[in-house]
Amino acid sequence: MDGYLRSGCYNLLCDCFVQLTSNIFLGCNFTEVSTFNGDKKDATISIQKDQSSGNRWVQLQGILVGYYPSTLFTELSRKTTKVEWGG
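Bear in mind that the values here come from a model prediction, so they are computed numbers and not experimental data. (Residues numbered from 1 in each chain as written. Predicted model: local features only at pLDDT ≥ 70, side-chain atom pairs only at ≥ 80, totals over all residues. Heavy atoms only, no water.)

The next point concerns the layout of surface pockets. Taken as a whole, the second largest pocket encloses approximately 350 Å³ of empty space. Lining the second largest pocket are 13 residues; nearest its centre among them are Phe30, Glu32, Lys41, Asp42 and Ala43. Here the residues of the lining of the second largest pocket sort into 6 nonpolar, 4 polar and 3 charged. (1 Å grid on protein atoms, 1.4 Å probe; cavity = no way out; pocket = protein on both sides within 12 Å on 5 of 7 lines; lining within 4 Å. Points joined across faces, edges and corners; volume = space filled by probe spheres on them. Nonpolar A, V, L, I, M, F, W, Y, C, P; charged D, E, K, R; others polar.)

Right, let's talk about the sheet that holds strand β3 (residues 56-60) for a bit. Strand order in the open sheet formed by 4 strands is β1-β4-β3-β2, and the pairing between neighbours is antiparallel. Of all strands in the sheet, those with a lone pairing partner are β1 (18-19) and β2 (45-49), marking the two edges. In the sheet, β2 pairs with β3 via 5 bridges, with the strands oriented antiparallel. Counterpart to Ile45 in the pairing with β3 is Leu60. (Pairing = 2+ DSSP bridges. Helix = DSSP H or I, 4+ residues; strand = E, 2+ residues; numbered from the N terminus.)

This part covers the pairing of β3. Residues Arg56, Val58 and Leu60 of β3 are buried on one face, while the alternating residues Trp57 and Gln59, pointing to the opposite face, are not. Counting the residues that bridge the hairpin from β2 to β3 gives 6 residues, and of these Gly54 lies at a positive phi of roughly 85 degrees. Two elements, β3 and strand β4 (residues 63-68), share 5 bridges in a ladder whose sense is antiparallel. By the bridge assignment, Gln59 is partnered in β4 with Leu64. What sits between β3 and β4 in their antiparallel hairpin is a turn of 2 residues, with Gln61 showing a positive phi close to 55 degrees. (Buried < 20%, exposed > 50% of the residue type's maximum accessible area, 1.4 Å probe, protein only.)

Attention now moves to the environment of Leu72. Checked against the element boundaries, Leu72 lands in the segment after β4. Owing to a relative accessible area of 17%, Leu72 belongs among the buried residues under this scheme. For the pair Leu72 and Arg56, spaced 16 residues apart in sequence, the C-alpha to C-alpha distance is 9.7 Å.

Moving on to the side chain of Asn55. Along the chain, the position of Asn55 falls in the loop between β2 and β3. With residues near it in sequence (within four places) discarded, Asn55 still touches Gln48, Lys49, Asp50, Tyr67, Tyr68, Pro69 and Ser70. (Contact = heavy atoms within 4.5 Å.)

So, on to the pattern of salt bridges. A complete count under the given rule lists 1 salt bridge for this structure. Here Glu32 and Lys41 are joined by a salt bridge, their closest N and O atoms 3.3 Å apart. (Salt bridge = Lys/Arg side-chain N within 4 Å of Asp/Glu carboxyl O.)

What follows concerns the side chain of Arg56. Counting through the fold element by element, Arg56 comes out in strand β3. Buried and without a salt bridge, Arg56 has Asp50 as its closest oppositely charged side chain, separated by 9.4 Å. Polar contacts involving the side chain of Arg56 include one to the main-chain carbonyl oxygen of Gly54, which spans 2.9 Å. (Lys, Arg positive; Asp, Glu negative; His and termini not counted. Polar contact = N/O pair within 3.5 Å; in protein donor to acceptor, adjacent residues only side chain to side chain.)

In structure tokens, the structure reads:
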């Protein structure tokens, strides 16, 4: 592995993500969060492959945030079995 230097991008340190909205962006903070023994909050996040273009679309609460171009995906161009993130 080359640490994704030539084989793709996996975080915000590269400029490949195509941003479509100005009020939600990758790496932003949530304004409402769960509290211990208090209110619980959730968020619906989805990443879907466009079958015609191969782009991977990112949505938050049903709002299109943007996409990763299909050119980033070589091994994952046919099938993805798992997507992970953390914070």
